[in-house]
Amino acid sequence: MKFYSLNNTAPKVSFDTAVINGIAPDKGLYFPEEITPLLSSFFDKIETLSNEEIAFTAIRQFVTKVVPDDVLKDILKEVLDFDFPVAEITDNIGTLELFHGPTMAFKDVGARFMAHCLGYFSRSTKNEVTVLVATSGDTGGAVANGFLGVAGVNVVILYPSRKVSDIQERQLTTLGKNITALEVDGTFDDCQGMVKNAFLDKELLDYMKLTSANSINVARWLPQLFYFLFAYKQAKSKGKEIVFSVPSGNFGNICAGLVAQRLGMPVKHFIASTNVNDTVPQFMLTKEYTPKPSTATISNAMDVGDPSNFIRIRHLFQDDFEDLKKNLSSYPFTDDETKEALKEIYNINGYIADPHGAVGYLGLKKYQEQHPDTYGIFLETAHPVKFLDIVEGTLNEKLEIPAQIEKVMGKTKKSIKISTYDGLKDFLLKS
């Protein structure tokens, strides 16, 4: 399997080169040369397969000849060592819980998969790699945890000051070792812009090997397709058409779901649910893609004004707007609507969602107004305790602190403050 740049002026590369490069030399995102549908028998018997067997079958075509089967199986065993249950909310709504991993966020799978792959690729070289990543919340903690102690890899995480929750900040600023946190005076888009500038900086690239652990990296992005297959396995017996509502910020997660659909997963529609950062919902109305500065919300991981992965989604549908619209809807919601959704979900059966899951619920409800016979699954992408003040204040309920979170609560935050790209470059050149 080769990967090519969506800018179409860089050479095709193997999976390992795509992972190590992060982004192509022409600054385009990498995309698999082909997506071969899986046999229909795989989906017919999916409920008899383990999660590791499902993941192996799904990802193998993308890494073959680069990651041997036995190594891939070992990686998946390490990565998928927790559960991905679908919890029932109503007869036609369930939520896929993606927060049972070490940092209690959906990004644990992609971050750990990439870390193991990069560790495998660097086993025979003494050259160090610096992983540069921007985070709007959960990516930073997941990447920090996934790469902690990986030999030959240094991790630099940029996050917007005062725009992530206290727990999210502690998860990325308290680990030390090969993890450094840079606290940026700005927004997530500023952080993401600095990362992209670093990959354009010849002086910096001549000095050090950089790669990215954001979902622009194929090893972070593609493993997210596992979630949708795991959910389909559990919901197949419902006997209804299944639709997914995905809380969407940088659009890597929902893009991976659409890849699962291309693999043959019998799911006909996806809903990209956003907060007031509505670049994609507006595109779906106007056919005009107009990025804008991000706005801070209570669902901060989705505070993205120019989602990097939407270009992959458009490419997946060859920029055919009508074909895209058949498979994807997108709706924005306000903070007030999000809080009301938290209350509504709780009042149904006592289920406590996080603000991102609540946005996913709202998108699903809106879609089901016109499609009531579907079984909808919204993704619960992070544990509600990571947004403690918002959830407790909205529901007037005290949340129990899980062990994964408890262990970072007493640790001391350590970050380096920067405000411009020059500050990032200066830090990297001196590190």
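- Looking up the protein chain in an unreviewed UniProt entry gives the name Threonine synthase, with the organism given as Maribacter hydrothermalis.
- Quoted verbatim from the Catalytic activity (unreviewed entry) field of the UniProt record, the comment on the protein chain reads "O-phospho-L-homoserine + H2O = L-threonine + phosphate".
- As recorded by UniProt, the Cofactor (unreviewed entry) comment attached to the protein chain reads in full: "pyridoxal 5'-phosphate".

### Side note on the overall build of the protein chain
Here is step 1 of the chain: Of the regular secondary structure elements, the protein chain holds 20 helices and 14 strands.
Here is step 2 of the chain: Relative to the globule expectation of 22 Å for 431 residues, the C-alpha radius of gyration of the protein chain, 20 Å, shows essentially globular dimensions.
Here is step 3 of the chain: When its C-alpha atoms are laid out on the principal axes, the protein chain stretches across 55 × 50 × 45 Å.
Here is step 4 of the chain: Expressed as a percentage of the 431 residues in the protein chain, the buried residues total 60%.
Here is step 5 of the chain: Put simply, 75% of the contacts in the protein chain that link residues at least 6 apart link residues at least 24 apart.

### Observations regarding the packing of aromatic side chains
Here is step 1 of the chain: Under the criterion given, the structure shown has 21 aromatic pairs.
Here is step 2 of the chain: With centroids separated by 6.4 Å and ring planes inclined at 80°, the aromatic side chains of Phe106 and Tyr227 adopt a geometry described as edge-to-face. Of this pair, Phe106 sits in the loop between β5 (93–97) and α5 (107–121) while Tyr227 sits in helix α11 (residues 225–235), and the two are 121 residues apart along the sequence. Both residues of the pair, Phe106 and Tyr227, belong to the buried class.
Here is step 3 of the chain: Here the aromatic rings of Phe283 and Phe321 are separated by 5.6 Å at their centres, their planes lie at 75°, and the arrangement is edge-to-face. Highlighted residues: Phe283 in helix α13 (residues 279–286) and Phe321 in helix α15 (residues 321–327), separated in sequence by 38 residues. Each member of the pair, Phe283 as well as Phe321, carries the same accessibility label: buried.
Here is step 4 of the chain: Pairwise contacts between aromatic rings join Phe82, Phe84, Phe106, Phe226, Tyr227 and Phe230 into one cluster.
Here is step 5 of the chain: It is Arg312 that lies over the ring of Trp221; its NZ or CZ is 4.2 Å from the centre.
Here is step 6 of the chain: Above the ring of Tyr331, the side-chain terminus of Lys366 is found at 5.6 Å from the ring centroid.

### Focus: the nonpolar core
Here is step 1 of the chain: Counting 128 residues, the largest nonpolar core has Phe15, Leu158, Leu225 and Phe244 as its most contacted members.
Here is step 2 of the chain: Once you skip the residues sitting within four places of it in the chain, Phe244 turns out to touch Phe228, Ala231, Tyr232, Met265, Val267, His269, Phe270, Ile271, Ile377 and Leu379.
Here is step 3 of the chain: By size, the runner-up hydrophobic cluster in this structure holds 31 residues, among which are Ala87, Ala341, Ile345 and Val359.

### Structural notes on α13
Here is step 1 of the chain: When we look at burial in α13, the residues that qualify are Thr279, Val280, Pro281, Phe283 and Met284.
Here is step 2 of the chain: Buried residues along α13 sit against β11 (269–274), α14 (310–316), α15 and β12 (328–332).
Here is step 3 of the chain: Directly beyond the C-terminal end of α13, a positive phi value near 70° is found at Lys287.

### Considerations on the environment of Leu210
Here is step 1 of the chain: Its location among the elements puts Leu210 in strand β9 (residues 209–212).
Here is step 2 of the chain: Placed 188 residues apart in sequence, Leu210 and Gly22 show a C-alpha to C-alpha distance of 7.8 Å.
Here is step 3 of the chain: When residues no more than four places from it in sequence are discounted, the contact partners of Leu210 are Ile20, Asn21, Thr130, Leu132, Ala198, Phe199, Leu204 and Leu205.

### A few points about empty space enclosed by the protein
Sizing a probe to match a water molecule and rolling it over the atoms shows the empty space that remains.
Here is step 1 of the chain: Here the structure, examined in full by the defined rule, presents three cavities of 30 Å³ or more.
Here is step 2 of the chain: Of the volumes computed, that of the largest cavity is approximately 270 Å³.
Here is step 3 of the chain: Along the wall of the largest cavity there are 25 residues; nearest its centre are Phe106, Lys107, Gly249, Asn250 and Ala301.
Here is step 4 of the chain: Elements that contribute at least two residues to the lining of the largest cavity include exactly α6 (138–147), β10 (242–247) and α12 (252–262).
Here is step 5 of the chain: Considering only residue class, the lining of the largest cavity consists of 10 nonpolar, 12 polar and three charged.

### Focus on unusual backbone geometry
Here is step 1 of the chain: If you check the backbone angles, Arg162 has positive phi at about 65° while not being a glycine.
Here is step 2 of the chain: Mapped onto the fold, Arg162 is located in the loop between β7 (153–160) and α7 (166–173).
Here is step 3 of the chain: Residues other than glycine seldom take positive phi values, yet Lys177 does so here, at roughly 50°.
Here is step 4 of the chain: Mapped onto the elements, Lys177 comes out in the loop between α7 and β8 (179–184).

Here is what the cut-offs are and how they apply
Residues take numbers from 1 onward in each chain, read along the sequence in its written order. Local features in this predicted model are restricted to residues of pLDDT 70 or higher, and side-chain atom pairs are both shown and tallied only at a pLDDT of 80 or more, whereas totals for entire chains, interfaces and linings draw on every residue. Processing note: side-chain calculations cover all non-hydrogen atoms of the structure and skip hydrogens and water entirely. UniProt positions are given in the numbering used here, feature names are shortened, and annotations may be inferred rather than shown by experiment. Only DSSP runs of H or I reaching four residues or more are called helices, and only runs of E reaching two or more are called strands; each is numbered from the N terminus. The globule rule used here is 2.2 Å times the number of residues to the 0.38 power, and the radius of gyration it is set against is calculated over C-alpha atoms. Remark: exposure states derive from per-residue accessible area (1.4 Å probe, protein chains only) relative to the maximum for the residue type, with buried under 20%, exposed over 50%, and partly exposed in between. We call two residues in contact whenever any of their non-hydrogen atoms come within 4.5 Å of each other. Aromatic pairing here means that ring centres of Phe, Tyr or Trp (its six-membered ring) are within 6.5 Å. Orientation follows from the plane angle: under 30 degrees is stacked, over 60 is edge-to-face, and everything else is tilted. Placement of a charge over a ring requires the Lys NZ or Arg CZ to be within 6 Å of the ring centre, with the centre-to-atom vector within 35 degrees of the ring normal. Residues belong to a common nonpolar core when they are buried Ala, Val, Leu, Ile, Met, Phe, Trp, Tyr or Cys residues joined through side-chain atoms within 4.5 Å. Think of a 1 Å grid over the protein atoms and nothing else: a 1.4 Å probe that fits but is trapped marks a cavity, an open set flanked by protein within 12 Å on at least five of seven lines marks a pocket, and residues with an atom within 4 Å of a point count as lining. Grid points are joined across faces, edges and corners, and a volume is the space filled by probe spheres set on the points. Gly is put with the polar residues, along with every residue not named as nonpolar or charged; the nonpolar set is Ala, Val, Leu, Ile, Met, Phe, Trp, Tyr, Cys and Pro, and the charged set is Asp, Glu, Lys and Arg.

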